[in-house]
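Read off the chains here:
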Amino acid sequence: MSPKEPPRRRVPGPPRPRPGERARATARPASRPATRRPAVRRTPHTIRLGSPRPRLRLVGVGLTLVMLAFVVRLLQVQAVDASAYSAKATENRFASYTLAAERGEITDRKGVALATSVDAYDITADPKMFTPQESKAPDAPEQAAALLAPILGKDAKELTARLKTKNTRYVILARRQTPQVWNQIKDLKKLFADKAAADKKGNGPGANVIAGVFNEVSSKRVYPNGDLAAGILGYVNAEGKGGGGLESSLDKKLAGKDGRLTYAQSGGRRVPTAGSSEKPAVPGDDIELTIDRDIQWAAQSAIAEQVEKSGADRGYVVVQDTRTGEVLAMANAPGFDPNDLTRARSAAMGNAALQDVYEPGSTAKVISMAAVLEEKKAAPDTHVEVPNRLHRGDRLFKDDVDHPTWYLTLNGVLAKSSNIGTILATGQLGATQPEANRVLYSYLDKFGIGRPTGLNYPGETRGILARPEAWSTSQQYTIPFGQGLSLNAMQAASVYSTIANGGVRITPTLVRGTKGPDGRFTPAPAPEQTRVISQGTAKTLAEMLESVVDDQEGTGTKARIPGYRVGGKTGTSNRVDPATGRYKGYTASFAGFAPADNPRITVYCAIQNPTKGSYFGGQICGPIYKTVMEFALKTLQVAPTGTAPAGLPVTFDGAPPPATPNTTQTGPQTGPQPGQ
């Protein structure tokens, strides 16, 4: 305390109650009666707010669930389904197009193109660009279709439907169009683009109804020689794949492998700075055939002319190299042009020389003679007495002409194409008829009858040859002269090539080899060779076949070729009508080889159902054989024959001369009776 300030005086406070007195003072006596209650002073009513904590908790839980859903979805997108979404993004950003592989060529043996591919365009469109919003025209699809239809050769309604396709930005309007077609469309696009630009300057809508048409580089199959060898080549369908013939069977080799081009795009346009990836296409192999274009042309021209002249259903010519088995020509008439399939008849679009099956008639007698000679049951000069009629089984058999008893050699039986003489000769193949049947069947089988030719051609027939135990009573005697069994033209030609090749059958071939994209040539595998008859038997048969052409009594004199020795055989068989299954009309044929003393070429010709003029094989097929054989010999520069024919006897010494064959035929006595 400061000495200068006077001391403060303490003022006593109110006395403190003693313990216990406070409780008594506040407590109301229980026994004290209630007195007048003092009035209670009311306070004004107020609204009390609820606690915010429950609501905050609820909102927090909701936000937590929402955030949790986002987190789960984010994890799913970025972790679980990351690759799928990445692929979709890439798909939307990048465009991929197939780079079509160039189809390989098909050439003849000299490298001349028979089927090739040229530049072409697939005409495409973006349907979105034909909507009213994009094209600025309410009927853009209809207008564009009307403009494109005459250029593409398509129906306007069909094009309109494609241009209105929904949920796509790519449709194909036409495939494999020539550059000239695309140039017309390109000029049309430029015209409409200029018109739309001028329209915009004048504050018009600037409609362009053809802006959404584009092109893709493609290729088109072209056959430079038109219908030449069309039956062999086949054709390519609208998808660019082989639809028939070698185009189909060799499609994998010819097609190559397509490539792939992938690039970044934006708004349907390529981004040049974003880079791209490309897997180049691998071109297909070139196929070199055994066919000679010039010989094919000669064969096709000759058969087409004769089929038309004879009013026949169809015809075929096969030319084969006897030494190698290579097919030099395989012509059909009528044919078709694979460049324009819209005009082709479906019946003519195959290869009838391999797909038709028919009874060969007398050209098959050479197999019977081969069996008789090989089994040493007779020789070319063996005497065969041929009556006017021969009763066997349930049939009465006859030759193509009525005649007195013929006194022929075995060579004469073949030269005059006697059915009765052939039945008598083959009857010597066994002690019993069933045994003779089995022996003959074994030779038919070895010559390739009833078997695939080995060409592996689509739709090829293997012919019809029943087992010998299944031969009917009449078949036992008709099969030796070529009725009751069936084959195709290639099989028939192969029989004569086998004889010409010294008795060794070489599996026919159509393909010499392939040339890959690297230019390396790979030869085709060597064909299978099988000995059918001995070389001596083959030589004897060749001399006997010469008598058919060279001897005045032979049926094939129209096939003679000056300067060359020719061996051949005529055939005129009853034909089974495909529509009724009954015999109706004839199959005329001629088969042979030249030079007979050193064979090089086999030619086989057949004409189905000739209705005008003669129907004998020697009369209508013999001249075709001569024309085609002469051309082939000159083309291959085969030297003329320097030796004289063997001149085997046709009749017995001292026997009455046989009647000269005429060109008429008395009808069948009791069923099919093949003629010359």
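This text goes with the structure placed above it.
Here the structure is a predicted model, which is why all the values come from computation and not from measurement.

Novice: Could you give an account of the sheet that holds strand β13 (residues 327–333), naming the residues involved and the relevant values?
Specialist: Reading across the sheet, the 5 strands line up as β13-β12-β24-β23-β22 and stay open at both edges, with antiparallel pairing between neighbours. At either end of the open sheet lies a strand with only one pairing partner, and these are β13 and β22 (567–576). Direction aside, the axes of adjacent strands within the sheet are offset by 10° on average. Sheet strands in contact with helix α19 (residues 535–550) are β22 and β23 (583–594), and its direction is about 70° off that of β22.

Novice: Pulling in residues and values, what's your account of the pairing of β22?
Specialist: The side chains of a regular strand alternate between both faces of the sheet. Burial analysis of β22 places 9 of its 10 residues in the buried class, which makes it a mostly covered element. Two strands pair when backbone bridges link them, and β22 and β23 are joined in this way by 9 bridges, in the antiparallel orientation. By the bridge assignment, Gly567 is partnered in β23 with Phe593. Hairpin remark: β22 followed by β23, antiparallel, with 6 residues in the connecting loop; positive phi at Gly581, about 75°.

Novice: Give a detailed account of the packing of helix α13 (residues 365–374) against helix α15 (residues 419–426), specifying residues and quantitative values.
Specialist: Direction vectors running N to C along α13 and α15 enclose 30°, while the axes themselves pass 10 Å from each other. Relative to α15, α13 is oriented roughly parallel. Our pair here, α13 against α15, has a crossing hand that is left-handed. Contact with α13, carried on its side by Lys365, Ser368, Met369 and Val372, involves Asn419, Thr422, Ala425 and Thr426 of α15 and no other residues of that element. Partitioned by chemical class, the residues of the contact of α13 with α15 number 3 nonpolar, 4 polar and 1 charged.

Novice: So what's going on with the environment of Thr587? Which residues, and what values?
Specialist: Looking at the element boundaries, Thr587 is found in strand β23. A relative accessible area of 1% places Thr587 in the buried class. For the pair formed by Thr587 and Gly617, sequence separation is 30 residues and the distance between their alpha carbons is 7.8 Å. Non-local contacts of Thr587, meaning those with residues more than four positions away in its chain, are made with Tyr358, Glu359, Gly571, Thr572, Ser573, Arg575, Ile607 and Gln608. At 2.7 Å, the side chain of Thr587 forms a polar contact with the side chain of Gln608.

Novice: Any details on unusual backbone geometry? Residues and values, ideally.
Specialist: The residue after Ala333, namely Pro334, is reached through a cis peptide bond having omega 0°. Within the fold, Pro334 resides in the loop between β13 and α12 (352–355). Pro595 follows Ala594 through a cis peptide bond whose omega is -15°. Turning to its location among the elements, Pro595 is positioned in the loop between β23 and β24 (601–608). In this structure, Lys376 is a non-glycine residue whose phi angle is positive, near 60°. Positionally, Lys376 belongs in the loop between α13 and β14 (383–386).

Rules used in this analysis
- Residues numbered from 1 in each chain as written.
- Predicted model: local features only at pLDDT ≥ 70, side-chain atom pairs only at ≥ 80, totals over all residues.
- Heavy atoms only, no water.
- Pairing = 2+ DSSP bridges.
- Helix = DSSP H or I, 4+ residues; strand = E, 2+ residues; numbered from the N terminus.
- Axes fitted to C-alpha atoms, helices over the stretch in contact; angles between N-to-C directions.
- Contact = heavy atoms within 4.5 Å.
- Buried < 20%, exposed > 50% of the residue type's maximum accessible area, 1.4 Å probe, protein only.
- Parallel < 35°, antiparallel > 145°, perpendicular 65-115°, else oblique.
- Left-handed = near helix turned anticlockwise from the far one by under 90°.
- Nonpolar A, V, L, I, M, F, W, Y, C, P; charged D, E, K, R; others polar.
- Polar contact = N/O pair within 3.5 Å; in protein donor to acceptor, adjacent residues only side chain to side chain.

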